[in-house]
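# Summary of structural features
Residues per chain, in single letters:
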Amino acid sequence: MTKFYLISLLLICSLASFGQTKHTVSGYLKDSSDGEKLIGATIYVLETKSGTATNAYGFYSLTLPSGDYTLEFSYIGFEKKIQQIS
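In this numbering scheme, every chain counts its residues from 1 along its sequence in written order. With the structure being a predicted model, the display of local features is reserved for residues of pLDDT at least 70 and the display and counting of side-chain atom pairs for 80 or more, all residues being used for whole-chain, interface and lining totals. Side-chain measures were taken over the full set of non-hydrogen atoms in the model, leaving aside hydrogen atoms and water.

Two rings belonging to Phe, Tyr or Trp (six-membered ring only in the last case) form a pair when the distance between their centres is within 6.5 Å. Interplanar angles under 30 degrees mark stacking, angles over 60 mark edge-to-face geometry, and anything in between is tilted. Applying the stated criterion to the full structure yields three aromatic pairs. With a centroid separation of 5.9 Å and an interplanar angle of 70°, the aromatic rings of Tyr-60 and Phe-73 are classed as edge-to-face. A residue pair is termed long-range when its members are at least 10 positions apart, and Tyr-60 in strand β4 (residues 59-65) and Phe-73 in strand β5 (residues 69-74) qualify at 13 residues. With a 1.4 Å probe rolled over the protein chains alone, any residue whose accessible area is under 20% of its type maximum counts as buried; one over 50% counts as exposed, and the rest are partly exposed. When its relative accessible area of 8% is taken as the criterion, Tyr-60 is described as buried. The class of Phe-73 is buried, set by a relative accessible area of 15%. Geometrically, the ring pair formed by Tyr-75 and Phe-78 is tilted, given 5.5 Å between the ring centres and 55° between the ring planes. When the ring centre of Tyr-28 is taken as origin, the NZ or CZ atom of Lys-30, which lies over that ring, is 6.0 Å away. For the purposes of this entry, the term helix denotes a DSSP run of H or I that reaches at least four residues, the term strand denotes a run of E that reaches at least two, and both are numbered from the N terminus. Distance and angle both matter: a charge sits over a ring if NZ of Lys or CZ of Arg is within 6 Å of the ring centre and within 35 degrees of the ring normal.

Set out below in structure tokens:
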């Protein structure tokens with residue numbers, strides 16, 4: 001009987017993970033005029049009200065569930081850029 005409960009529990013846990021496909025959005029932010037990396041630029045996801053900042057190499061990475069999102073890229077002295085992704 002305990003084998004039945006254990007197997008049932010494992011099946012339920014595995015089914016719960018099926019609908020949670022996640023994707024990673026990543027890249028480098030650089031100044032288009034001279035290619036200089038933008039250290040500390042922010043990337044904000046409007047729908048989740050979360051975000052990240054670029055590292056010392058201008059690199060960022062976000063992991064999001066499947067869906068449509070609006071990303072806002074900003075850096076001091078630069079105009080904000082809005083990008084829609086799916």
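In what follows, salt bridge is the name for a side-chain nitrogen of Lys or Arg lying within 4 Å of a carboxyl oxygen of Asp or Glu. Tallied over the entire structure, the rule returns one salt bridge. The closest approach of N and O atoms between Lys-80 and Glu-72, which form a salt bridge, is 3.8 Å. Residue Lys-80 is classed as exposed on the basis of its relative accessible area of 52%. The exposure class assigned to Glu-72 is buried, which follows from its relative accessible area of 18%.

Bringing the nonpolar core into the picture now. What we call a nonpolar core is a set of buried Ala, Val, Leu, Ile, Met, Phe, Trp, Tyr and Cys residues that are connected through their side-chain atoms within 4.5 Å. Counting eleven residues, the largest nonpolar core consists of Leu-29, Leu-38, Ala-41, Ile-43, Val-45, Tyr-60, Leu-62, Leu-64, Tyr-69, Leu-71 and Phe-73. Only β2 (42-45), β4 and β5 provide two or more residues apiece to this core. Residue contacts are defined here by distance: any two heavy atoms, one from each residue, within 4.5 Å place the two residues in contact. Non-local contacts of Phe-73, meaning those with residues more than four positions away in its chain, are made with Leu-29, Thr-42, Ile-43, Tyr-60, Lys-80, Lys-81 and Gln-83.

Mapped onto the elements, Thr-70 comes out in strand β5. Polar contacts involving the side chain of Thr-70 include one to the side chain of Gln-84, which spans 3.1 Å. Polar contacts here mean pairs of N or O atoms no more than 3.5 Å apart (in protein, one a potential hydrogen donor and the other a potential acceptor; neighbouring residues in sequence count only if both atoms are side-chain atoms).

Moving on: the sheet that holds β2. The sheet built from four strands is open, its strands ordered β3-β2-β5-β6 with antiparallel pairing. Since the sheet does not close on itself, it has two edges, and those belong to β3 (50-53) and β6 (81-85), each with one partner. The average angle at which neighbouring strand axes cross in this sheet is 20°, direction not considered. A pair of strands is treated as paired once DSSP finds two or more bridges between them. Think of each axis as a best-fit line through the C-alpha atoms, taken over the contacting stretch in the case of a helix, with angles from 0 to 180 degrees between the N-to-C directions.

For Ala-53, the location among the structural elements is in strand β3. If near-sequence neighbours (up to four positions away) are discounted, Ala-53 is found in contact with Gly-40, Ala-41, Thr-42, Phe-59 and Tyr-60.

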